[in-house]
Amino acid sequence: MRRRSRPALPVFVLGLILTLLAASPALASTYRYWSFWDGAGGTWAYASQGPSSLRPADGSVQGFHFVVSKDAADQAAPPRADADFAAICSATAPVAGKKRIALVVDFGTPAEAQAGETPPQDTPRTACAQVGPDATTAEALAEVAKPLRYNSAALLCAISGYPKQGCGEPVADTAATATATAPGKPAAGSEGGGPSAGLFAGIAAVALLGAAAFWQSRRRRGR
């Protein structure tokens, strides 16, 4: 009695799918948006809350950087200024019933700007906001950097009117975005703008294994 072998083609297809899924981070989009940072301890860290919900304590430093980035936690660059509360708020005397929040607003570089727009200034802007004890970062920002613009989902789209249009849309991975990332980090689009060489190698390997298994299956059936 002829022994039936299991078809190998579905195994090949499954392997190919798994390879593509494993490589999915390489296919992530790049976005242009205002990133939000917390300057706790004088070191920038990507904020875990949005500026409309975060209520920083007196003496906090909050930063905003207009960037082109693939992934906020991995590739977004922090503001290009120190998270130094004393330097920013030294000229603002404490007031009873108020808190002082140091703010850094980095408009980014011309390479990060949308077509037809230019950053309002080349270097980051700093300001000390004096607001109520329960004020959010967004309220502190509104005190020193109007006009602000938000979309219907409460995403911060513009600070001091920049940019004039758009709000966090995906952008094409081009050489122009290569300067948008922090020094020492991979440029946006240098890894992940499209399928990587590793992805193609993985697909090729799976394809060869699958083809060999399918050929062996056909040989067994022909016996």
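Since this is a predicted model, take the numbers as computed values, not measurements. (Residues numbered from 1 in each chain as written. Predicted model: local features only at pLDDT ≥ 70, side-chain atom pairs only at ≥ 80, totals over all residues. Heavy atoms only, no water.)

Digging into the pattern of salt bridges
- The final tally for this structure, using the stated rule, is one salt bridge.
- When the shortest N-O distance is used, the salt bridge between aspartate 106 and arginine 80 registers 2.7 Å. Remark: arginine 80 occurs in the loop between α2 (72–75) and α3 (85–89) and aspartate 106 occurs in strand β4 (residues 99–106); sequence separation between them is 26 residues.
- Residue classification places aspartate 106 among the buried positions, given a relative accessible area of 0%.
- Overall, the relative accessible area of 43% leaves arginine 80 in the partly exposed class. (Salt bridge = Lys/Arg side-chain N within 4 Å of Asp/Glu carboxyl O. Helix = DSSP H or I, 4+ residues; strand = E, 2+ residues; numbered from the N terminus. Buried < 20%, exposed > 50% of the residue type's maximum accessible area, 1.4 Å probe, protein only.)

A closer look at the state of the cysteines
- One pass over the full model with this rule turns up two disulfides.
- The disulfide bridge from cysteine 89 ends at cysteine 128, spanning 2.1 Å between sulfur atoms. Disulfide cysteine 89-cysteine 128: the torsion about the S-S bond is 105 degrees, which places it as right-handed. Residue cysteine 89 is located in helix α3, and its partner cysteine 128 is located in strand β5 (residues 125–131); the two are separated by 39 residues in the primary sequence.
- Under the relative-accessibility criterion, cysteine 89 is labelled buried at 1%.
- Given a relative accessible area of 16%, cysteine 128 falls into the buried group.
- Paired through a disulfide, cysteine 157 and cysteine 167 show a sulfur-sulfur distance of 2.0 Å. Handedness here is read from the sign of the S-S torsion; for cysteine 157 and cysteine 167, about -75 degrees, the answer is left-handed. (Disulfide = S-S within 2.5 Å.)

Structural notes on empty space enclosed by the protein
- In total, this model carries one cavity of 30 Å³ or more according to the counting rule given.
- The calculated volume of the largest cavity comes to roughly 60 Å³.
- In this structure, the largest cavity is lined by 13 residues; those nearest its centre are Arg32, Tyr33, Cys157, Cys167 and Gly168.
- Every element with two or more residues in the lining of the largest cavity is listed here: β1 (30–38) and β7 (156–158).
- The leading source of residues in the lining of the largest cavity is β1, at three residues. (1 Å grid on protein atoms, 1.4 Å probe; cavity = no way out; pocket = protein on both sides within 12 Å on 5 of 7 lines; lining within 4 Å. Points joined across faces, edges and corners; volume = space filled by probe spheres on them.)

Quick notes on the nonpolar core
- Membership of the largest hydrophobic core comes to 20 residues, with the highest contact counts inside it found for Trp34, Phe64, Leu103, Leu141 and Ile159.
- Contributions of two or more residues to this core are made by β1, β3 (60–69), β4, β5 and α4 (137–144).
- The biggest single contributor to this core is β4, with three residues.
- If you look at the next biggest cluster of nonpolar residues, it comprises 13 residues, including Val67, Ala76, Ala83 and Cys89. (Core = buried A, V, L, I, M, F, W, Y, C linked by side-chain atoms within 4.5 Å.)

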